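Breakdown of the fold
Listed below are the residues making up each chain.
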Amino acid sequence: MSSTDAVTFWDGVHAARPARDNPSPNVRLTEVVTGLPPGDALDLGCGNGGDTLWLARAGWRVTAADISAVAVGRLTALARTHGVHDRVTAVRIDLRTSFPPGTFDLVSAHYLHTPYDLDRSAVLRAAAHALRPGGRLLVVDHGSTAPWSWNQDPGARFPDPTEVAAGIGLDPAVWSVERADAPRRTATGPDGGTAEVTDHVLLVRRAREGQDTAAAVRKSRISRTTRPGASSMRK
């Protein structure tokens with residue numbers, strides 16, 4: 001399927017959803033990021049902009065990327081309305097062919113699912129490599145199907161966070177998994193309806209230079225020596 005098809009699809013998805021004056025951030029973002037010192041963040045698949053606006057209000061400088069021009073246009077207008085336009089750069093980008101330039105203290109990828117061809121592992125690997133030392137990559141995927149999801153395939157499979165981490169294939173001497181779980185929550189859909197859903201949460205941290213890297217190397221060696229015959233998961 002072509003890039004034009006993907007753009008048309010996602011523009012249609014966002015255009016069909018009512019624009020919100022103050023979209024809410026994703027709960028997994030707020031629970032992970034609250035308390036971290038603000039820096040530079042990348043919001044991959046920014047959607048309605050709730051995460052970007054929350055980060056900007058908290059003092060982060062945010063690059064917000066989405067394939068949909070509708071989503072990018074709405075977020076640009078919202079950032080100006082909320083007085084955070086000086087901390088938000090919204091860009092339309094197709095992650096199948098390019099990746100936002102720069103390095104970041106946080107990369108957030110919430111529900112980066114699509115019916116179109118996308119090498120997610122390659123995108124998330126690029127995101128991890130875009131982290132500065134000490135930076136974090138937060139990947140939150142669907143672990144169940146919500147009633148309002150565009151994907152209502154009853155046979156849909158949701159890889160768990162350990163599978164996602166293994167697929168990225170990061171060197172454990174440089175990147176470590178800080179969180180990999182599947183919490184449940186009550187979610188609110190675009191029409192105001194609610195449903196219980198499962199999130200698959202993966203939080204990866206890039207080691208700081210020096211001591212953290214050495215500690216990660218020791219941890220990797222210990223893991224290999226204490227589990228003879230077992231192949232360690234690449235993180």
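Residues numbered from 1 in each chain as written. Predicted model: local features only at pLDDT ≥ 70, side-chain atom pairs only at ≥ 80, totals over all residues. Heavy atoms only, no water.

Things to note about the packing of aromatic side chains
Convention followed: Any pair of Phe, Tyr and Trp rings, taking the six-membered ring for Trp, is counted once the centres come within 6.5 Å. Such a pair is stacked with planes under 30 degrees apart, edge-to-face with planes over 60 apart, and tilted for the rest. A 1.4 Å probe rolled over the protein chains alone gives each residue an accessible area, and that area as a share of the maximum for its type sets the label: buried under 20%, exposed over 50%, partly exposed in between.
Scanning all chains against the criterion turns up two aromatic pairs. Their ring planes at 85 degrees and their centres at 5.0 Å tell us that Phe9 and Trp10 sit as a pair that is edge-to-face. Here Trp10 falls in the buried class, since its relative accessible area comes to 12%. An aromatic cluster is defined as three or more aromatic residues linked by ring pairs; in this entry it consists of Phe9, Trp10 and Tyr116.

Brief notes about the environment of Asp117
Let me state the cut-off plainly: Runs of H or I in DSSP of at least four residues are treated as helices and runs of E of at least two as strands, each being numbered from the N terminus.
Mapped onto the elements, Asp117 comes out in the loop between strand 4 (104–110) and helix 5 (120–129). Classification of Asp117 as exposed rests on a relative accessible area of 58%. Measuring from C-alpha to C-alpha, the distance between Asp117 and Ala6 comes to 9.1 Å, with 111 residues separating the pair along the chain.

Quick word on the environment of Arg92
Condition: Polar contacts, as used here, are pairs of N or O atoms within 3.5 Å; protein pairs need one atom able to donate a hydrogen and one able to accept it. Residues neighboring in sequence count only if both atoms are side-chain atoms.
Mapped onto the elements of the fold, Arg92 is located in strand 3 (residues 88–92). On the basis of relative accessibility, which here comes to 43%, the residue Arg92 falls in the partly exposed class. Spatially, the C-alpha atom of Arg92 lies 9.2 Å from that of Val70, the residues being 22 residues apart in sequence. At 3.1 Å, the side chain of Arg92 and the backbone oxygen of Ile67 are in polar contact.

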